[in-house]
Amino acid sequence: MSTNRLLVLGGTEFVGRAVVDEAVAAGWDVTVFHRGTNRSSPSDAVSVLHGDRTLPGGLDPLRVGSWDIVVDTWSGAPVAVRDAAALLADRVRSYVYVSSRSVYADPLPAGAAEDAPVVEGSAYDEDSTDYARAKRGGELAVVQAFGDRAVLARAGLILGPHENIGRLPWWLTRIAEGGDVLAPGAAADPIQYIDARDLAAFLLAAGSTGASGAFNVVSEPRATTLGELLDACITATGSDATLRWVDQEQVLAAGIRPWTQLPVWLPSGPDADAMHHGDVSRAMVAGLRRRPLAETVADTWSWLQALGGVAPQRQDRSAVGLDRAVERAVLAAS
């Protein structure tokens, strides 16, 4: 049986790193393509090509070679996806693009599947300021070049080791500090997420089995709650923290921003319906599997501790988390 040949565009951070780790563990022949500046490949068992896909000639190292699957995590301007997909179309069997559930048009009702309306986008768009539009443009670029050989993995909330956004690391760090912790809304509020490693396994499986089209790639609806996530943080850290659940109206009245100041959480309503109530049945049929929440949280805590407690932060994303003074004020008033 021949070895799968994988090209990862990126492959040094979070999801891309998880893809490389998963493929190397499975014995695949892995090549990563990245800018090279201040970046290191997650494994010595990979081939490395350097180039900047945003510059003229930046894709030149990819003009030679062929692969079975390419995984692309790009979240910038769609033209970069268009150029890469067009260059590789005749030398790659399947192009797997890590998109986002943000591509769906508002309002996205609870239970929406992949056939829900999406935002406008263009494969020729050189702007990346509108994240949803940029991801949709990236999708169109892949489909334009690969047709039914394109896999569009519409991920939602991504958690796990090597997270460089800071959502789960913030909760773990705050809960590890102990004391009364502001927990927004209700413990039973459902959340949908995907461990980056489970996302990686799905991407590789989809690419290698001839899957086609769009897939919502998060956990099953109502499989996990916010309370279970925060309880898992207490268990993983061994903290004596006490969760103080505060009604969502009181949290919002204090001017606290959901999702950013209190990561993961969204108040009941349209935003929560869109983010935490999606239909993932198509991905489940295609082989999506989710490891236990406790494993995701514990492994993230172990990784964070190994780093000295400070997670990496993407330069294009603002830091998340709530100021302790604001937390104390809200808890005092509740």
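Here, the structure is the one placed above.
Residues numbered from 1 in each chain as written. Predicted model: local features only at pLDDT ≥ 70, side-chain atom pairs only at ≥ 80, totals over all residues. Heavy atoms only, no water.

What follows is about the packing of helix H4 (residues 167–176) against helix H6 (residues 226–237). Running from N to C, H4 and H6 point in directions that differ by 60°, and their axes come no closer than 9 Å. Viewed along their axes, H4 and H6 adopt a mutual orientation that is oblique. Considering the relative orientation of H4 and H6, their crossing is right-handed. Contacts from Leu168, Trp171, Leu172, Ile175 and Ala176 of H4 reach H6 at Leu229, Leu230, Cys233, Ile234 and Thr237. For the contact of H4 with H6, the class distribution of residues is 9 nonpolar, 1 polar and no charged. (Axes fitted to C-alpha atoms, helices over the stretch in contact; angles between N-to-C directions. Helix = DSSP H or I, 4+ residues; strand = E, 2+ residues; numbered from the N terminus. Parallel < 35°, antiparallel > 145°, perpendicular 65-115°, else oblique. Left-handed = near helix turned anticlockwise from the far one by under 90°. Contact = heavy atoms within 4.5 Å. Nonpolar A, V, L, I, M, F, W, Y, C, P; charged D, E, K, R; others polar.)

A word on H4. Counting buried positions over the 10 residues of H4 gives 8, a clear majority of the element. Restricting attention to buried positions, one finds in H4 the residues Arg167, Leu168, Pro169, Trp170, Trp171, Leu172, Arg174 and Ile175. Phi turns positive one or two residues past the end of H4, at glycine 178, with a value near 80°. (Buried < 20%, exposed > 50% of the residue type's maximum accessible area, 1.4 Å probe, protein only.)

Before going further, it helps to spend a moment on the sheet that holds strand S1 (residues 5–9). With respect to topology, 7 strands assemble into an open sheet ordered S3-S2-S1-S4-S5-S6-S11, the strand pairing being parallel. Looking at the sheet topology across the chains shown, the edges are occupied by strand S3 (47–50) and strand S11 (213–217). The mean angle between the axes of side-by-side strands here comes to 20°, regardless of whether they run parallel or antiparallel. Of the strand pairs in this sheet, strand S6 (residues 150–155) and S11 are connected by 5 bridges, and their pairing is parallel. (Pairing = 2+ DSSP bridges.)

Attention now goes to the nonpolar core. Among the nonpolar cores identified, the biggest contains 39 residues, and Trp171, Ile175, Leu182, Leu229, Leu262 and Val297 are the most heavily contacted of them. Of all the secondary-structure elements, those providing two or more residues to this core are strand S7 (157–159), H4, strand S8 (180–184), H6, strand S13 (242–246), helix H8 (270–276), helix H10 (293–306) and helix H11 (324–333). The greatest single-element share of this core, amounting to 6 residues, is contributed by H6. Beyond its immediate sequence surroundings of up to four residues, leucine 262 is in contact with Trp170, Trp171, Leu182, Pro184, Val251, Ile256, Arg257 and Leu322. Trp28, Ala153, Ala196 and Val217 belong to the second-largest nonpolar core, a separate cluster that totals 33 residues. (Core = buried A, V, L, I, M, F, W, Y, C linked by side-chain atoms within 4.5 Å.)

Turning our attention to helix H5 (residues 196–208). An ideal rise of 1.5 Å per residue puts 18 Å on 13 residues; H5 measures up with 18 Å between its terminal C-alpha atoms. Capping the start of H5 is the job of one residue whose side-chain oxygen sits 2.8 Å from the backbone nitrogen of arginine 197: aspartate 195. Looking one or two residues past H5, glycine 210 carries a phi angle of roughly 80°, positive in sign. (Expected span 1.5 Å × (residues − 1). Polar contact = N/O pair within 3.5 Å; in protein donor to acceptor, adjacent residues only side chain to side chain.)

Before going further, it helps to spend a moment on the environment of proline 312. Looking at the element boundaries, proline 312 is found in the loop between H10 and H11. Overall, the relative accessible area of 38% leaves proline 312 in the partly exposed class. Sequence spacing of proline 312 and proline 258 is 54 residues, and the spatial spacing of their C-alpha atoms is 22 Å. In this structure proline 312 touches Glu163, Asn164, Trp303 and Leu307, once residues within four positions along its chain are discounted.

Relative orientation of the contacting elements H6 and H10 amounts to 45°, with a least axis distance of 9 Å. Taken as axis vectors, H6 and H10 run oblique relative to one another. As H6 runs across H10, the sense of the crossing is right-handed. Contacts between H6 and H10 involve Glu228, Leu229, Ala232, Cys233, Ala236 and Thr237 from the former and Leu293, Val297, Ala298 and Trp301 from the latter. Residue composition of the contact of H6 with H10, grouped by class: 8 nonpolar, 1 polar and 1 charged.

The next thing to look at is the pattern of salt bridges. It is possible for side chains of opposite charge to pair when their charged atoms get near one another. Counting across every chain of the model gives 19 salt bridges. For arginine 197, the salt bridge identified is with aspartate 195, shortest N-O distance 2.8 Å. By relative accessible area, which is 0% here, aspartate 195 ends up buried. (Salt bridge = Lys/Arg side-chain N within 4 Å of Asp/Glu carboxyl O.)

Right, let's talk about unusual backbone geometry for a bit. With an omega dihedral of -10°, the bond running from aspartate 106 to proline 107 counts as a cis peptide bond. Among the secondary structure elements, proline 107 is positioned in the loop between strand S5 (92–100) and helix H3 (131–146). Its identity is not glycine, yet histidine 162 carries a phi of approximately 75°, on the positive side. Checked against the element boundaries, histidine 162 lands in the loop between S7 and H4. By relative accessible area, histidine 162 is classed as partly exposed at 26%. You will see that tryptophan 259, though not glycine, has its phi angle at about 75°, which is positive. Secondary-structure assignment places tryptophan 259 in strand S14 (residues 258–259).

Structurally, the position occupied by proline 117 is in the loop between S5 and H3. Taking the C-alpha atoms as reference points, proline 117 and proline 107, separated by 10 residues in sequence, lie 9.4 Å from one another. When sequence neighbours within four positions are dropped, the list of residues in contact with proline 117 reads Tyr104 and Ala105.

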